[in-house]
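So the chains spell out like this:
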Amino acid sequence: MTASTNFLDQTFSITLELDPPRGPSADKIINQAKELEDLIHGVNVADCPMAKLRMSPIAVARLLQEKTTLQAIFHLTCRDRNLLGLKAELLGAAGLGVRHLLALTGDTPDMGDHPDATGVFDVDGIGLIKLAHQLNQGFALDGNPLNEPTHFSIGTTANPASPDLSAEIEKLEKKVAAGATFVQTQPIFESKLAYDFLQQTKGLNVPILFGILPLKSATMADYLHEKVPGIEVPEAIRKRMHQEGSEAGVAIARELCSDLREFARGAHLMPLNHLATVKAILAN
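Starting from 1, residues in each chain are numbered consecutively following that chain's sequence as written. With pLDDT at 70 or above as the cut-off, local features in this predicted model cover only qualifying residues; side-chain atom pairs require 80 or more to be listed or tallied, and sums for whole chains, interfaces and linings still use all residues. Hydrogens and water are ignored here; the side-chain numbers use all heavy atoms of the structure.

(A) Fine view of the pairing of strand E7 (residues 208–212). In terms of residue burial, E7 counts as a mostly covered element, since five of its five residues are buried. Of the two faces of E7, the one carrying Ile-208, Phe-210 and Ile-212 and the one carrying Leu-209 and Gly-211 are both buried. Handedness rule for crossovers: strands pointing away from the viewer, path from the first strand over the helix to the second running clockwise, crossover right-handed. Here a helix means four or more residues in a row that DSSP labels H or I, a strand means two or more in a row labelled E, and each is numbered from the N terminus. Viewed along the sheet, the connection from strand E6 (residues 182–187) through helix H6 (residues 191–201) into E7 turns out right-handed. For two strands to pair, DSSP has to find at least two bridges joining them. Strand direction decides the pairing type here: E7 and strand E8 (residues 266–269), joined by four bridges, are parallel. Each bridged residue has a counterpart across the sheet, and for Gly-211 the counterpart in E8 is His-268. Burial status follows relative accessibility: with a 1.4 Å probe on protein chains alone, a residue under 20% of its type maximum counts as buried, one over 50% as exposed, and anything between as partly exposed.

Structure representation (structure tokens):
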């Protein structure tokens, strides 16, 4: 099968984050994607997340688009490749027909299973956006022309729950100015946060897909709120999780997704590979 529809062309786009394989077989992620094929529009494939070894996201993305009708969004980080390597990876992705990119700075190697690896970081996430945008114009960063331009849709991230929201929006404005064409956010847990963020960023005129992370337990909700930088779980949500238990997590995510359909362009689901949760959130 060949993916034929741009996931961003949907009235309400739904993307899903799945783990890339630890070995050379992509069968598991392909089967997971097939199981949800009728419910979602795109699959995000991370680039050695948390600096832990995984299959190349570009290879996985190509396989997903060959074997399903879904679009793949491959992550690319600045951690493992110098400028030459980043350009080569992007040209390879374009040649394989993998054209949806999420540009990220990336986690440092000391976080993962190869702590002695060298972190490159010739550029940061904004620099990578500029690089991909330049390739779309038909040029490398050195100004030399390509034999033809690439056609990437270039994604970036944002955090609507940032404690310094003005700085977060200013950074997002720089990303869009650099060439970003869509946004996938960090997890949110209340629709009002998304609505307010859209009001403050509507001048950017790019699709924003809001992150939805289904809570599995009250313990998880408390941990995310207290220990994970950049994630804020509102008190009312944490209280509900304590009162209603694990079933509330799916209900909260389902309600949030329903609310977002009223005013947002899409949702980005982060189900931690629990496919039944995705089905429950998206069931009619």
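Back to the write-up after that little detour.
(B) Focus on the packing of helix H8 (residues 235–244) against helix H9 (residues 247–260). Viewed as axis vectors pointing N to C, H8 and H9 meet at an angle of 140°, and their least axial separation amounts to 8 Å. As far as their axial angle goes, H9 and H8 are oblique. On H9, the residues that touch Ile-237, Arg-240, Met-241 and Glu-244 of H8 are Glu-247, Ala-248, Gly-249, Ala-251, Ile-252 and Glu-255. Within the contact of H8 with H9, the residues separate by chemical class into five nonpolar, one polar and four charged. Helix axes use the C-alpha atoms of the stretch in contact, all axes being lines fitted to C-alpha atoms, and the angles between their N-to-C directions lie in the range 0 to 180 degrees. For this classification, under 35 degrees means roughly parallel, over 145 means roughly antiparallel, 65 to 115 means roughly perpendicular, and everything else is oblique. Residue contacts are defined here by distance: any two heavy atoms, one from each residue, within 4.5 Å place the two residues in contact. Side-chain classes follow a simple rule in which Ala, Val, Leu, Ile, Met, Phe, Trp, Tyr, Cys and Pro form the nonpolar group, Asp, Glu, Lys and Arg form the charged group, and the remainder, Gly included, forms the polar group.

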